[in-house]
Amino acid sequence: EEGILGPTIGTFSSAYGKFWSTRTRLIMYGYALDAFREHPLLGIGFENYNFYTGNKVYLGLLDFNITWPDVNNYPLKVLTEQGVICFLAFLFFVTVLFYSLFSARRKTNDIFLKAMLEVYIAVFVGVGVILLFTSNITKPYLWVTMAFAIATIKIVNNETETGMKF
């Protein structure tokens, strides 16, 4: 089928050989959820998804066994590998980051700082969407951007406390 629903319909139909990327991701999500169900509190261990999934067959997609090294969904990876405790800590960290960004944006009257904070909010929303389709959080751009965002928040907080402009 062609059109906008083609990839979605093709994902769930055994008659389709295409859309293998989406189909393998759904299979990987299933393996991750199975692992989480077996080890909900502490997970299967950091970076152990590759070992947990092992040498599995992707029925209807490949004629041979394959080890898929990643879940390709960062929140699901955290939940599976570190369990509920670390997943809640992860959600707390993300919530505090966004709360701090919005709070600093509201506090400052400086147009440049307000614009920078809005850019950081947009960047982290974009990164959040990307991390729903990948598990690679080790890229330096994320951590460097986060450092700049936190420094900007600190500048706004200092500006508010001292009354000095940036």
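What counts, and where the lines are drawn
- Residues numbered from 1 in each chain as written.
- Predicted model: local features only at pLDDT ≥ 70, side-chain atom pairs only at ≥ 80, totals over all residues.
- Heavy atoms only, no water.
- Helix = DSSP H or I, 4+ residues; strand = E, 2+ residues; numbered from the N terminus.
- Buried < 20%, exposed > 50% of the residue type's maximum accessible area, 1.4 Å probe, protein only.
- Contact = heavy atoms within 4.5 Å.
- Areas by Shrake-Rupley, 256 points an atom, 1.4 Å probe, with all protein chains shown as cover.
- Polar contact = N/O pair within 3.5 Å; in protein donor to acceptor, adjacent residues only side chain to side chain.
- Core = buried A, V, L, I, M, F, W, Y, C linked by side-chain atoms within 4.5 Å.
- Salt bridge = Lys/Arg side-chain N within 4 Å of Asp/Glu carboxyl O.

Q: Could you clarify how one ought to interpret the overall build of the protein chain in this entry?
A: Looking only at helices and strands, the protein chain features six helices and two strands. Out of the 166 residues in the protein chain, the part that is buried amounts to 34%. Sequence separation of 24 or more characterises 57% of the internal contacts of the protein chain that already satisfy a separation of 6 or more. As presented, the protein chain carries roughly 10300 Å² of accessible surface, and 69% of it is formed by carbon and sulfur atoms.

Q: What am I meant to see in the side chain of Glu-81 here?
A: The residue Glu-81 is located in helix 4 (residues 74–107) in this model. Judged by its relative accessible area of 2%, Glu-81 is buried. At a separation of 2.9 Å, a polar atom in the side chain of Glu-81 contacts the main-chain amide nitrogen of Glu-47. Sequence-distant contacts of Glu-81, defined by excluding residues within four places in its chain, comprise Leu-42, Gly-43, Ile-44, Gly-45, Phe-46, Glu-47, Asn-48 and Tyr-49.

Q: Where do I start with the nonpolar core in this structure?
A: Here is a general trend for soluble globular proteins: nonpolar side chains tend to be buried in one another's company. Among the nonpolar cores identified, the biggest contains 29 residues, and Tyr-49, Val-71, Leu-76, Leu-101, Leu-117 and Phe-124 are the most heavily contacted of them. If you list the elements that add at least two residues to this core, you get helix 2 (20–38), helix 4, helix 5 (111–130) and helix 6 (140–162).

Q: Before we go on, may I ask you to explain the pattern of salt bridges in this structure?
A: Note on pairing: side chains with opposite charge can pair once their charged atoms come close. Applying the stated criterion across every chain yields a total of four salt bridges. Where Lys-77 meets Glu-47, a salt bridge forms, and the shortest distance between an N and an O atom there is 3.4 Å. Here Lys-77 is found in helix 4, whereas its partner Glu-47 is found in the loop between helix 2 and helix 3 (49–53), with 30 residues between them in sequence. You can call Lys-77 buried: its relative accessible area is 6%. A salt bridge links Glu-81 to Lys-77, with the shortest nitrogen-to-oxygen separation between them at 3.5 Å. Of this pair, Glu-81 and Lys-77 both sit in helix 4, four residues apart, which is roughly one turn of that helix.

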